[in-house]
Amino acid sequence: MYRKQVRRRRAVLVLLVIVSVVALTSTFGGAAGGPFGTVRDGIATALGPFEEGASRALKPARDLVNWFHETFQARGENAQLKDEVRSLAVKKTKYEQAVGENKNLRKLLGIDHSGPMSGYKPVTARIIGRSPTVWYSTVTVDVGGGDGVRVNDPVVTGDGVVGRVTATTHGTAEVTLITDHTSAVSAKVLPNGPFGVVEPEAGDPSTLLLDFINSGKRIHRGAIVITAGWSNGSISSAYPYGLRIGRVTQTTASGQQAAERVQLRAFADLRGMDYVQVMTNGPHRPGLGGR
Amino acid sequence: MIVTRGIAIRLALILFVTVLLQISFFSYLSFFGSIPDLTPVVVASLGLLGGAVVGAVAGFCAGMLVDSALLQTLGVSSLALLAIGYMAGRYREGYEFSNSLAPPLIVGGLTLVYAAIFAALQIMLGVSTPVSLVILRDIVVKGLLGTLLALAIYPLVRRILRPALIDDAGRRAPIRAGAGRRRAPWRRARGSARRSGALAAGARSGRGS
């Protein structure tokens, strides 16, 4: 009797492990085909309304817990921000001058005023699910293929770029954030600094690194980094040129290391955001799947 | 645990609500740089209450639900969760709890093991970017948060499944015919220390007489 129980227990364990491994193999790397992909999409579609309901119902509780957390954090940041305000006041004057000049020059050249997102149709989406591990920086949004959302559509907030769509069902979509370890964004340091690739440090979603810097130019703390919109004719970045990514927070002395290590902080509040905009129906970008 | 149809429905509801709470509430919170993870806490609790098969099946189903809801690669969460569900169940089948703090501590430890297995699987599947040492802090903090969550979750799950629990029916069930449960290793060690202390005292008194 006892042996029979042990055999049954082992059989269940082996069966579950085999099914898990087969599921992993068939859906690894974002592959959505096959029976497991269909099952996953079906479950995601069925769970979508429940996730949305739970997300709405639990928002006050989330906000309450986060309010305590943010209050403690805000006290520490207060002094630092006061210093920043002083230095920013000087920069603001220069910025206003530059904006005025820019307007005049755009008028002269006849450039489109709507910025990097011209040609896209924005779809506002609510975040209804979030990955619980630091290994996947992904969120689920309440718009999907039925709303015109396609794989590789860029996703932004008012502060800057958030990520791109990596999977869709009819009513939901998975957005892989720029802090996910599979993410890499071609980037440019402003005003006319070098180009590089922004990628995260796996396991630490609060830090972004600017890698593969193609120039010996020194990058200074506080410099702004935007998307480069890289394309070589046959393949392209999913992100158009000019989306704000983040600000340089730390650079290491290049004398100590072979390459300069540049750390960024994303402009978009990737942990606290509730709504995002998915930029759909954008201009054709060669080499991107899903369009 | 005696799994009747009613209990199976309760188990399914527990897992469904757990996954919803995880992706809609707990994933938005951050303590000491880590996100509290409810799913391994519930799976380990189910394993401790229901045994190895219940723990493994619950872990597998919870993992599939989480990965499907977030449109992630299927199977990674399932493998890690079924491992800790099975471990929790095997522990329950082999040892009895000496005090009420033991289950939350075991659940916290298994949450830490879950985070470590998950990290190992991710690294084995390939990570193209540098891996931060912050991941070690995340694993430890997840274990601590798991212990705190288990203080509330384990009694709650036990309460929901009370009709099916053999231990709560007022008797201790033997693990197999003719054999009682073994004591936890630290209890055995303490017991043997006591015995050896008593022997030493006896020997001393014997020398003195």
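Residues numbered from 1 in each chain as written. Chains lettered and ligands numbered in written order. Predicted model: local features only at pLDDT ≥ 70, side-chain atom pairs only at ≥ 80, totals over all residues. Heavy atoms only, no water.

Take the interface of chain A and chain B next. Counting from both sides, the interface comprises 57 residues of chain A and, opposite them, 55 residues of chain B. Carbon and sulfur atoms supply 69% of the area buried between chain A and chain B, which totals about 5200 Å² over both sides. The largest per-residue losses of area from chain A upon contact with chain B belong to Arg9, Pro132 and Trp135 of chain A, which jointly make up 15% of the total buried on that side. Where chain A packs against chain B, one counts one salt bridge. Glu93 of chain B is paired through a salt bridge with Arg9 of chain A; the nearest N and O atoms lie 2.9 Å apart. Our count for the contact surface shared by chain A and chain B stands at ten residue pairs in polar contact (both at pLDDT 80 or more). Put simply, the parts of the chain that give the side of chain A that touches chain B at least two residues each are helix H1 (2–27), helix H2 (34–109), strand E1 (121–130), strand E2 (138–141), strand E5 (173–177), strand E7 (195–201) and strand E8 (204–211) of chain A. Sort the elements by how many residues they give to the side of chain A that touches chain B and H2 of chain A lands first, with 16 residues. (Contact = heavy atoms within 4.5 Å. Buried area = accessible area lost by both parts, 1.4 Å probe. Salt bridge = Lys/Arg side-chain N within 4 Å of Asp/Glu carboxyl O. Polar contact = N/O pair within 3.5 Å; in protein donor to acceptor, adjacent residues only side chain to side chain. Helix = DSSP H or I, 4+ residues; strand = E, 2+ residues; numbered from the N terminus.)

What follows is about a positive patch on the surface. All names here are of chain A. Taken together, the side chains of Lys91, Lys94, Arg244 and Arg247 make up a positively charged region of the molecular surface. Residue assignment for the positive patch shows that the elements contributing at least two residues are H2 and strand E10 (244–251). Turning to its location among the elements, Lys91 is positioned in helix H2. (Patch = residues over 30% accessible without salt bridge, like charges linked within 9 Å, V, L, I, M, F, W, Y side chains within 5 Å. Areas by Shrake-Rupley, 256 points an atom, 1.4 Å probe, with all protein chains shown as cover. Lys, Arg positive; Asp, Glu negative; His and termini not counted. Charge placed at Lys NZ, Arg CZ, Asp CG, Glu CD.)

The next subject is a nonpolar patch on the surface. A cluster of nonpolar residues, Leu64, Trp67, Phe68 and Phe72 of chain A, forms a patch on the protein surface that exposes about 510 Å² of accessible area. Looking at where Phe72 of chain A falls in the secondary structure, it is placed in helix H2.

A few words now on the sheet that holds E10 of chain A. Paired through backbone hydrogen bonds, the strands of a sheet run either parallel or antiparallel to each other. Residues and elements named next belong to chain A. Here we have six strands rolled up into a closed barrel, ordered E6-E7-E8-E11-E10-E9, and antiparallel in their pairing. In this sheet, adjacent strand axes meet at a mean angle of 40° when their direction is disregarded. Where E7 and E8 come together, five bridges link them in antiparallel fashion. The residue of E8 that forms the bridge with Glu199 is Leu209. (Pairing = 2+ DSSP bridges. Axes fitted to C-alpha atoms, helices over the stretch in contact; angles between N-to-C directions.)

Residues and elements named next belong to chain A. Taken together, the six strands give a closed barrel; going around it, the order is E1-E2-E5-E4-E3-E12, and neighbouring strands pair in antiparallel fashion. Taken over all neighbouring pairs, the strand axes of this sheet differ in orientation by 45° on average, direction set aside. Here three bridges tie E1 to E2, and the two strands are oriented antiparallel to one another. Following the sheet pairing, Ile127 is matched in E2 by Val141.

Let's shift gears to the side chain of Ser131 of chain A. Residue placement: Ser131 of chain A occurs in the loop between E1 and E2. For Ser131 of chain A, the side chain forms a polar contact with the side chain of Gln72 of chain B, separated by 3.2 Å. The contact partners of Ser131 of chain A, leaving out residues within four places of it in the chain, are Tyr136 and Thr138 of chain A together with Ser27, Ile35, Leu70 and Gln72 of chain B.

Residue and element names in this part refer to chain B. Two elements in contact, helix H2 (residues 38–50) and helix H4 (residues 76–94), have axes whose closest approach is 7 Å; the angle formed by their N-to-C orientations is 30°. On the basis of the axis angle, H2 is roughly parallel to H4. The way H2 lies across H4 gives a crossing that is right-handed. On H4, the residues that touch Thr39, Pro40, Val43, Ala44, Gly47, Leu48 and Leu49 of H2 are Leu81, Ile84, Gly85, Ala88, Gly89, Tyr91 and Arg92. Looking at side-chain class alone, the contact of H2 with H4 contains nine nonpolar, four polar and one charged residues. (Parallel < 35°, antiparallel > 145°, perpendicular 65-115°, else oblique. Left-handed = near helix turned anticlockwise from the far one by under 90°. Nonpolar A, V, L, I, M, F, W, Y, C, P; charged D, E, K, R; others polar.)

In this model, chain A carries a mean pLDDT of 79, and residues with pLDDT of at least 70 account for 84%. Summarising per-element confidence for chain A, the mean pLDDT is lowest in H2 of chain A (77) and highest in E5 of chain A (90). (pLDDT = per-residue confidence, 0-100.)

Tallied over the full model, the rule gives four aromatic pairs over all chains. Ring geometry for Phe25 of chain B and Phe26 of chain B: centres 5.1 Å apart, planes at 80°, overall edge-to-face. Neither residue differs from the other here; Phe25 of chain B and Phe26 of chain B are each classed as buried. If you follow Arg62 of chain A out to its NZ or CZ, it ends over the ring of Tyr28 of chain B, 3.9 Å from the centre. Cation over ring: Arg244 of chain A sits above Phe267 of chain A, and NZ or CZ is 4.0 Å from the ring centre. (Phe/Tyr/Trp six-rings, centres within 6.5 Å; stacked < 30°, edge-to-face > 60°. Buried < 20%, exposed > 50% of the residue type's maximum accessible area, 1.4 Å probe, protein only. Lys NZ or Arg CZ within 6 Å of the ring centre and 35° of its normal.)

What follows covers the packing of helix H3 (residues 52–69) of chain B against H4 of chain B. All names here are of chain B. Between H3 and H4, whose axes approach to 7 Å, the crossing angle comes to 160°. The angle between H3 and H4 places the two elements in the roughly antiparallel class. Where H3 crosses over H4, the handedness of that crossing is right-handed. Here Ala52, Gly55, Ala56, Gly59, Phe60, Ala62, Gly63, Met64, Val66 and Asp67 of H3 lie close against H4, whose contacting residues are Val76, Ser77, Ser78, Leu81, Leu82, Gly85, Tyr86, Gly89, Arg90 and Glu93. A class-by-class count of the residues in the contact of H3 with H4 yields ten nonpolar, seven polar and three charged.

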